[in-house]
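Chains, contacts and geometry: an overview
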Amino acid sequence: GLARWHHKDEILSPGAFIPLLEATQNLHLLCYSVIETVERGQIPSSGWVSINLANATIQRKDFQVKSQGLKGHSIHIEMLETAVIDSEAEALICQLRERGLVICIDDYGSGYSNQRLLAREKIPFDILKVDQSLIQLLGTGDRAYDLCQDITVFARRWGLKTIAEGVETEEQADLVTRLGFDMA
């Protein structure tokens, strides 16, 4: 599930607090909190937890220390397609993968799709998560369908699993199944 902030008498969704954490350059604190939760063995009923890594977090020296205890397939590291990864960050991602973590590209298709990130053969991606903004266009015309079909074809060719994010209608569910997405 997504991180939630229990504030007074209400529970805030990530959309309510992530922009503030990003603006104040404190998003790494949420990442570290998730890591500590995992280290205490508190894995959700889904059997896995995702940790979203922003550029600022992955570049931090203390992230390398904090992430040393992470091991196993129950942890997914999610990176935005817009991530700028230097050789040091690339090495860290490879180390995380060697320890059994699953490496994902999140929100693929939400902006300027970064084929250059996908094409970097040294980064061992496992999952390509197609952004809901693209999935929401399925059923509105041929272009969205064709684009999603191309994404699933190249993902399969490269051995990547695919996830369609934000499936909201039965028609979308049928289309992502027909397109060959692994999960929705």
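Conventions adopted
- Residues numbered from 1 in each chain as written.
- Predicted model: local features only at pLDDT ≥ 70, side-chain atom pairs only at ≥ 80, totals over all residues.
- Heavy atoms only, no water.
- Phe/Tyr/Trp six-rings, centres within 6.5 Å; stacked < 30°, edge-to-face > 60°.
- Helix = DSSP H or I, 4+ residues; strand = E, 2+ residues; numbered from the N terminus.
- Buried < 20%, exposed > 50% of the residue type's maximum accessible area, 1.4 Å probe, protein only.
- Core = buried A, V, L, I, M, F, W, Y, C linked by side-chain atoms within 4.5 Å.
- Contact = heavy atoms within 4.5 Å.
- Expected span 1.5 Å × (residues − 1).

**A closer look at the packing of aromatic side chains**
Going through the model one piece at a time under the given rule, you end up with 3 aromatic pairs. Judged by centre distance (5.8 Å) and plane angle (90°), the ring pair of Trp-5 and Phe-17 falls under edge-to-face. Taken as a pair, Trp-5 in strand S1 (residues 5-7) and Phe-17 in helix H1 (residues 14-23) lie far apart in primary sequence, 12 residues in all. With relative accessibility at 4%, the residue Phe-17 sits in the buried group.

**Focus on the nonpolar core**
Membership of the largest hydrophobic core comes to 49 residues, with the highest contact counts inside it found for Ile-51, Ile-77, Met-79 and Leu-128. The leading source of residues in this core is helix H2 (residues 27-39), at 7 residues. The contact partners of Met-79, leaving out residues within four places of it in the chain, are Leu-53, Ile-85, Ile-93, Ile-103, Cys-104, Ile-105, Asp-106 and Phe-125.

**Topic: helix H5 (residues 87-98)**
The end-to-end C-alpha distance of H5 is 16 Å, a good match for the 16 Å that 12 residues give at a rise of 1.5 Å each. By the burial criterion, the buried members of H5 are Ala-89, Glu-90, Leu-92, Ile-93, Cys-94 and Leu-96. Structurally, H5 contributes buried residues whose contacts are with helix H3 (55-58), helix H4 (61-66), strand S4 (75-80) and strand S5 (102-108). Positive backbone phi, at 95°, marks Gly-100, one or two positions downstream of H5.

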